[in-house]
Amino acid sequence: MPEQPAGSRPTLEAVAARAGVSRATASRVVNGGAGVRQPLADKVREAVEELGYVPNQAARSLVTRQSGAVAVIIAEPEFRVFSDPFFEQQVRGISRELTANDSQLVLLWVEGPGDHDRIARYLGGGHVDGALAFSLHHDDGLPALIRDSRVPAVFGGRPGSGSGSGAAVPYVDCDNRGGARSAVRHLAGLGRERIAHIAGPRDQTSAADRADGYRDVLFDADPALTVQGGFTVDSGARAMAELLDRRPDLDAVFAANDLMAAGALRVLRERGRRVPEDVALVGFDDVAGVAEAADPPLTTVRQDIEGMGRLMVRLLMRVLSGRDGREAGAPASVIMPTELVRRASA
């Protein structure tokens, strides 16, 4: 049996020699191929372990036609990705699940339509096996771009009707509408009569669904009690100031996410309004480092943000392995439950 030179990297030929099989047989075992008897496959795996053999990814890709990488596409500017803890939690869940599946994460973000050609070239170049995309907007061309690249994909959040995605695609979302209903019902149950809503961007389905949930409960609410924000602290502060100028008699606020609720809380304090005595406040997401850290801590609608990221990866792995019914035109999508978490703000 040929000896490996000291300090050299073990080769597939050395694995085959150690296991007493041909190079082709060793290659099939290492690359997950079928047709090798179990005793021989066990010998190859033992040789891999003993020699510390690590497959060459480029060579392995030629055999398996897989890159071992997944693109994570966030349809938001870079400053939002790094300033909003929601994205941190979701990417953490994605990363942990990809690691468990021995896949690498390639992070791509989209500042605007000018980035679409770059993304299309990358996806079409065979660099990744699949894509995960989230924070999509109604008129976003990303779903159509991903579809045209023929890269299997799962979306975080329900794609909008104007996204051009064409055929149904797998997605993971939370029960945005039901969660909003529970928040507004909670405020109404506290005896609040003038409940305002700080809505998210109109071009995102999560914001639209939460606004619909607000109107499900308060179908005859004064339109002056709703102001649009942008899912940021500053936009929540601006919206809260506008609401107080419009309706100084308001006694409760449902903000479509925790960051906007934090901004609203700041303005209420500046205006001398006590929370919850004068104005009760409820957010959405239960984002780490925001809801509990607020003063007072925010009552909010919890969604499992990290769990959604993990589930996106699991659905993608089902698509890649052909176990999701995709061929029959029935891709799986999941709506995860939400839960109202009661704290001091309402």
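Above: the structure in question.
Now for a quick tour of the structure.

What counts, and where the lines are drawn
Residues numbered from 1 in each chain as written. Predicted model: local features only at pLDDT ≥ 70, side-chain atom pairs only at ≥ 80, totals over all residues. Heavy atoms only, no water. Pairing = 2+ DSSP bridges. Helix = DSSP H or I, 4+ residues; strand = E, 2+ residues; numbered from the N terminus. Axes fitted to C-alpha atoms, helices over the stretch in contact; angles between N-to-C directions. Salt bridge = Lys/Arg side-chain N within 4 Å of Asp/Glu carboxyl O. Buried < 20%, exposed > 50% of the residue type's maximum accessible area, 1.4 Å probe, protein only. Contact = heavy atoms within 4.5 Å. Polar contact = N/O pair within 3.5 Å; in protein donor to acceptor, adjacent residues only side chain to side chain. Phe/Tyr/Trp six-rings, centres within 6.5 Å; stacked < 30°, edge-to-face > 60°. Lys NZ or Arg CZ within 6 Å of the ring centre and 35° of its normal.

The six strands lie next to each other as β2-β1-β3-β4-β5-β11, forming an open sheet whose pairing is parallel. Of all the strands in the sheet, the pair left with one neighbour each is β2 (104–109) and β11 (334–336). Between one strand and the next, the sheet's axes are offset by a mean angle of 20 degrees, whatever the strand orientation. Note: strand β5 (residues 171–174) against β11, three bridges, orientation parallel. Each residue of the ladder has a partner; that of V172, found in β11, is V334.

Another aspect to go through is unusual backbone geometry. With the exception of glycine, most residues fall at negative phi, and the peptide bonds are largely trans. That bond from V275 to P276 is cis: its omega, 10 degrees, falls within 30 degrees of zero. Looking along the chain, the bond that leaves D295 and enters P296 is cis, with omega of 0 degrees. On the secondary structure map, P296 appears in the loop between β9 (280–285) and β10 (299–302). The backbone of S135 shows a phi angle near 65 degrees, a positive value even though the residue is not glycine. Mapped onto the secondary structure, S135 falls in the loop between β3 (130–134) and α8 (142–149).

Within the structure shown, the criterion is met by 30 salt bridges. Measuring nitrogen to oxygen at the nearest pair gives 2.8 Å for the salt bridge that ties R158 to D209. Here R158 is found in the loop between β4 (153–156) and β5, whereas its partner D209 is found in helix α10 (residues 205–217), with 51 residues between them in sequence. Overall, the relative accessible area of 14% leaves D209 in the buried class. As a salt-bridge pair, R215 and D212 come within 2.6 Å of each other at their nearest N and O atoms.

Here the focus is the sheet that holds strand β7 (residues 226–228). Spatial strand order, β7-β6-β8-β9-β10-β12: six strands in an open sheet with mixed pairing. The open sheet has two edge strands with one neighbour each: β7 and β12 (339–341). Recorded for the sheet is a direction-independent mean angle of 20 degrees between the axes of neighbouring strands. The pairing of strand β6 (residues 195–199) with strand β8 (residues 252–255) spans four bridges and is parallel. Within β8, the residue paired with H197 across the bridge is F254. Packing against the sheet, helix α9 (residues 176–189) makes contact with β6, β8, β9, β10 and β12, and its axis sits at approximately 165 degrees to β9.

This brings us to the environment of D148. Structurally, D148 can be placed in helix α8. Classification of D148 by relative accessible area gives exposed; the value is 55%. Taking C-alpha positions, D148 is 8.5 Å from A120, a pair spaced 28 residues apart along the chain. Polar contacts involving the side chain of D148 include one to the side chain of R147, which spans 3.2 Å.

This paragraph deals with the packing of aromatic side chains. The tally for this structure, following the rule as stated, stands at three aromatic pairs. Measuring from centroid to centroid gives 5.3 Å for F82 and W109, while their planes differ by 90 degrees, and the two rings are edge-to-face. Placement of the pair is F82 in helix α5 (residues 78–83) and W109 in strand β2, with a sequence separation of 27 residues. Among the residues examined, F82 registers a relative accessible area of 59% and is labelled exposed. Between the aromatic rings of F87 and F134, the centroid separation amounts to 6.1 Å while the plane-to-plane angle is 25 degrees, which identifies the pairing as stacked. Taken together, the residues F87 in helix α6 (residues 85–100) and F134 in strand β3 connect sequence positions 47 residues apart. Look at F87 and you get buried, because its relative accessible area is 4%. A relative accessible area of 1% means that F134 is categorised as buried. Every member of this aromatic cluster is reached through a ring pair, and the members are F86, F87 and F134. Lying over the aromatic face of F284, R210 brings its terminal NZ or CZ to 3.8 Å of the ring centre.

Covered by surrounding structure in β5 are Y171 and D173 together with V172 and C174, the residues of both alternating faces. Judged from the two bridges that link them, β4 and β5 form a sheet pairing that is parallel. When the sheet's bridge partners are listed, G156 is paired in β5 with V172.

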